[in-house]
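Below are the chains, spelled out letter by letter.
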Amino acid sequence: MADSKFEGKVVIVTGGVSGIGAATARHFVDAGARVVLADIDGERGAALAAELGSAAWFRQCDVADLDQVMDLAEAVADRFGGVDILHNNAGIGCLGGTTPELDVGTWHRVLSVDLHSVFYACKAVIPLMRQRGGGAIVNTASISGLAGDHGFTAYNAAKGAVINYTRALALDHAPHNIRVNAICPGLIATPLTAPIEGMGTLRETWERGIPMRRAGMPEEVARVVAFLASDAASYMTGSIVVVDGGAMAGTGQPKVADFMG
Ligand code: NAD
């Protein structure tokens, strides 16, 4: 649905060339924004930037590297004069086993990409937003930041921290007219989750646990990101918004009525 809600806005989407980030980037471009696709994947970045046209600019960046993130912010400021919206979305998953088995390097890499990156980007971009008189930040957390999963320790820790960091950012920067919110997607069909297709009946089993009985589509998350970034959400900051087909709505306790005579 094309509109001009973000006409003239400058948006950075980290992890912006695949899955949720690519859907968000498309949404912002369709709504009139200039969008910086900040991603480590050069090949997909060049392809998506070519597809989206002159409103999109791909900038290769490892968000887990502070220097690269600072360079990114400087380059965006030079090119566009500032930043209005930051979607901190780059992320990696992690199995790796329970804590005794989990490799220390994996722990650090997951925390770096999924958590430290959010700090780095906020550190680099908030001063630019302040110069412009305000802005909006949307962090992609996860329902895995609201509760634990089996064998997902580092991911659970990182996403839980992103949620509480979002609240702290909201407090610190409300006086600067910068709103900071987080989204918590449930299972979304993206390249990140594509491997579950090859794991027997995992996808069906997973979807049975979702009240809406299906995985979400990246666009269904992108629309919520765009809402949070827009003036329509002008009184929202520090909010943690679940986008999960109802997965977190239940306690997990059985449906008692099915057992009554
Ligand atoms: P995806 O793999 O399709 O996209 C992630 C993007 O991040 C990729 O383009 C990748 O190249 C980029 N990226 C990875 N490491 C990077 C780095 N160091 N620097 C820069 N870019 C990097 O995955 P997705 O499902 O779209 O996930 C996007 C976000 O949503 C992640 O933070 C993920 O944890 C979160 N999330 C996904 C789901 C889901 O079910 N797909 C659920 C909850 C949360």
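This write-up is about the structure you can find in this document. In this text, all values refer to a predicted model and were calculated from it rather than measured experimentally.

## What about the pairing of strand 4 (residues 85–88)?
- Here strand 4 shows two buried faces, one formed by Ile85 and His87 and the other by Leu86 and Asn88.
- The sheet contact formed by strand 4 and strand 5 (residues 135–140) spans four bridges and is parallel. Note on strand 5: the bridge partner recorded for asparagine 88 is asparagine 139.
- For the handedness criterion, the β-α-β arrangement of strand 4, helix 4 (residues 104–132) and strand 5 is classed as right-handed.

## Comments concerning the packing of helix 3 (residues 66–80) against helix 4
- Relative orientation of the contacting elements helix 3 and helix 4 amounts to 25 degrees, with a least axis distance of 8 Å. Considered as vectors, helix 3 and helix 4 are oriented roughly parallel to each other. Of the two possible hands of crossing, helix 3 and helix 4 adopt the one that is right-handed. When helix 3 is examined against helix 4, the residues Leu66, Val69, Met70, Ala73, Ala77 and Phe80 are found in contact with a partner set consisting of Tyr120, Ala121, Ala124, Val125, Leu128 and Arg132.
- Residues of the contact of helix 3 with helix 4, tallied by class, amount to 11 nonpolar, no polar and one charged.

## Examining the side chain of serine 144
- The residue serine 144 is located in the loop between strand 5 and helix 5 (153–173) in this model.
- Excluding residues within four positions of it along the chain, serine 144 makes contact with Asp149, Tyr155, Asn156 and Lys159.

## Comments concerning the sheet that holds strand 1 (residues 10–14)
- Strand order across the open sheet formed by seven strands is 3-2-1-4-5-6-7, with parallel pairing between neighbours. Since the sheet does not close on itself, it has two edges, and those belong to strand 3 (56–60) and strand 7 (240–243), each with one partner. Pairs of neighbouring strands in the sheet enclose a mean axial angle of 20 degrees, with direction left out of account.
- Relative to strand 4, strand 1 runs parallel, the two sharing three bridges. What sits directly across from isoleucine 12, in strand 4, is leucine 86.
- The sheet contacts of helix 7 (residues 218–229) involve strand 4, strand 5, strand 6 (178–185) and strand 7, and relative to strand 6 the element is tilted by about 165 degrees.

## Thoughts on the environment of glycine 91
- Locating glycine 91 in the fold gives a position in the loop between strand 4 and helix 4.
- The spacing of glycine 91 and glycine 238 is 147 residues in sequence and 21 Å in space, taken between C-alpha atoms.
- With sequence-adjacent residues up to four places away left out, glycine 91 is seen in contact with Val113 and Asp114.

## Considerations on the site of the ligand
- Near the ligand you find 30 residues, and of these Ser18, Ile20, Asp39, Tyr155 and Thr190 are the closest.
- A distance of 2.9 Å is found between an oxygen atom of the ligand and a backbone nitrogen or oxygen belonging to asparagine 89.
- The separation between an oxygen atom of the ligand and a polar side-chain atom of tyrosine 155 is 2.6 Å.
- In the complex, 94% of the free accessible area of the ligand, which totals 820 Å², lies under the protein chains.
- Those elements that place two or more of their residues in the shell around the ligand are helix 1 (19–30), helix 4 and helix 5.
- Residue classes in the shell around the ligand are distributed as 15 nonpolar, 10 polar and five charged.

## Considering the nonpolar core
- Grouped together as the largest cluster of nonpolar side chains are 43 residues, with contacts concentrated most on Ile12, Val76, Leu86 and Ile137.
- Listed by contribution, the elements that provide at least two residues to this core are strand 1, strand 2 (34–39), helix 3, helix 4, helix 5 and strand 6.
- Top contributing element to this core by residue count: helix 4, with 12 residues.
- Aside from chain neighbours lying at most four places away, what touches isoleucine 137 is Leu86, Asn88, Cys122, Ile126, Met129, Ile178, Arg179, Val180 and Asn181.

About the thresholds
- Residues numbered from 1 in each chain as written.
- Predicted model: local features only at pLDDT ≥ 70, side-chain atom pairs only at ≥ 80, totals over all residues.
- Heavy atoms only, no water.
- Buried < 20%, exposed > 50% of the residue type's maximum accessible area, 1.4 Å probe, protein only.
- Helix = DSSP H or I, 4+ residues; strand = E, 2+ residues; numbered from the N terminus.
- Pairing = 2+ DSSP bridges.
- Right-handed = clockwise from strand over helix to strand, strands pointing away.
- Axes fitted to C-alpha atoms, helices over the stretch in contact; angles between N-to-C directions.
- Parallel < 35°, antiparallel > 145°, perpendicular 65-115°, else oblique.
- Left-handed = near helix turned anticlockwise from the far one by under 90°.
- Contact = heavy atoms within 4.5 Å.
- Nonpolar A, V, L, I, M, F, W, Y, C, P; charged D, E, K, R; others polar.
- Near = heavy atom within 4 Å.
- Polar contact = N/O pair within 3.5 Å; in protein donor to acceptor, adjacent residues only side chain to side chain.
- Areas by Shrake-Rupley, 256 points an atom, 1.4 Å probe, with all protein chains shown as cover.
- Core = buried A, V, L, I, M, F, W, Y, C linked by side-chain atoms within 4.5 Å.

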